[in-house]
Every structure is written in structure tokens, then in C-alpha cells.
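Residue-level structure breakdown
As a plain string of letters, each chain reads:
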Amino acid sequence: LGSGAEPHTAAARFRGDAGHARTITPVTAPLPELILYGRPGCHLCDDADAILEALLARRAETGMPVPALVRRNILEDEAWHRRYLTTIPVLALGRRELALATSPTKIGLFLADALDGTPAR
């Protein structure tokens, strides 16, 4: 779902294009960017990325707010590396963060709470 010039493997999404947004555009603007902190070779990060792709596509199809997804490679910034190394994949949206974002349920609840105001259970 990239620009066509970027590789289509999940691991490649964390190399070189860490600050670029996805091609799904926000339904309601302005929304803060949804940031996925990870690194190449992290299978949990790849899994979280795939889960996000599906959840964001579902939100877009139903007309719900969809933030731009930005992937950040923690190996490209020392502060990110120190902060997130032991908790990747990490999702950040505004001031909210979800560490070890590996469950579709947890990620879905995080998005609903952050974007729709639905309290997480």
C-alpha cells in the first residue's frame, strides 16, 4: 500500500522511509499521526503493521476517522531506541501510547479510545 517505489515487505517499511506517511488519507482532518515505532527484523513489529493495515482499512471503509500512519525505525534515532527498544512495537497517537502493540483487540481498543472517545475496556 505504499507509493509504488517502496518495497512491499513489512520489514522494508521500517528501512529508510521511517518518517513517510501511508497512502490512506484521513477521513476527518486534522488528526494526529498514528506512529508505529519498530525496527527491521522485528516480527512483532511486522505483525502489528499488518494488524494496523487491516484495522485502518476497515475504519476507512466504514467512514470512521483514519489517521495517517507513520512508521519510525527506532534504529534511526538514539532517543527512540533508548525509549522503545524493550517495548516495540509501540503505537503513539497524540499523547497516548500503546507498548507491545501485538493484539488486534488491544490495538482496536486503543484506536477506538484515541479516535472515537470510546473508553478502553
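For the structure, see preceding data.
First, a word on what this report is: a plain description of the structure on this page. All values derive from a computational prediction rather than experimental measurement.

Calculation criteria
Residues numbered from 1 in each chain as written. Predicted model: local features only at pLDDT ≥ 70, side-chain atom pairs only at ≥ 80, totals over all residues. Heavy atoms only, no water. Helix = DSSP H or I, 4+ residues; strand = E, 2+ residues; numbered from the N terminus. Buried < 20%, exposed > 50% of the residue type's maximum accessible area, 1.4 Å probe, protein only. Contact = heavy atoms within 4.5 Å. Areas by Shrake-Rupley, 256 points an atom, 1.4 Å probe, with all protein chains shown as cover. Pairing = 2+ DSSP bridges. Right-handed = clockwise from strand over helix to strand, strands pointing away. Disulfide = S-S within 2.5 Å. Salt bridge = Lys/Arg side-chain N within 4 Å of Asp/Glu carboxyl O.

So, on to the overall build of the chain. Of the regular secondary structure elements, the chain holds three helices and four strands. Ordered by position from the N terminus, the helices and strands of the chain form the series β-α-β-α-β-β-α. Taken across its 121 residues, the chain has 39% of its residues classed as buried. Sequence separation of at least 24 residues holds for 65% of the intrachain contacts in the chain that already meet a minimum separation of 6. Within the structure as shown, the chain displays about 6500 Å² of accessible surface, and the carbon and sulfur contribution to it stands at 55%.

With that out of the way, let us pick up the pairing of strand E2 (residues 69-73). On a regular strand, one side chain projects to one face of the sheet and the next to the other, so that they alternate. Among the five residues that make up E2, five are buried, leaving the element largely enclosed by the rest of the structure. Here E2 shows two buried faces, one formed by Leu-69, Arg-71 and Asn-73 and the other by Val-70 and Arg-72. With five bridges connecting them, strand E1 (residues 34-38) and E2 associate as parallel partners. The residue of E2 that forms the bridge with Leu-36 is Arg-71. The β-α-β motif built from E1, the intervening helix H1 (residues 43-61) and the parallel element E2 has right-handed crossover chirality.

The subject of this paragraph is the pairing of E1. Most of E1 sits inside the fold, with five of its five residues counted as buried. Across the two faces of E1 the burial is the same, with Leu-34, Leu-36 and Gly-38 and Ile-35 and Tyr-37 all buried.

A word on the state of the cysteines. Scanning the model with the defined rule gives one disulfide in all. Paired by a disulfide, Cys-42 and Cys-45 hold their sulfur atoms 2.5 Å apart. Torsion about the S-S bond of the Cys-42 and Cys-45 cystine: about 75°, corresponding to right-handed handedness. Residue Cys-42 is classed as buried on the basis of its relative accessible area of 7%. Overall, the relative accessible area of 0% leaves Cys-45 in the buried class.

Counted by the stated rule, this structure contains six salt bridges. As a salt-bridge pair, Arg-71 and Asp-49 come within 2.9 Å of each other at their nearest N and O atoms. Of this pair, Arg-71 sits in strand E2 while Asp-49 is found in helix H1, placing the two residues 22 residues apart along the sequence. Exposure remark for Asp-49: the relative accessible area of 0% places this residue in the buried category. Taking the shortest distance from any N to any O, the salt bridge between Glu-53 and Arg-71 comes out at 2.6 Å.

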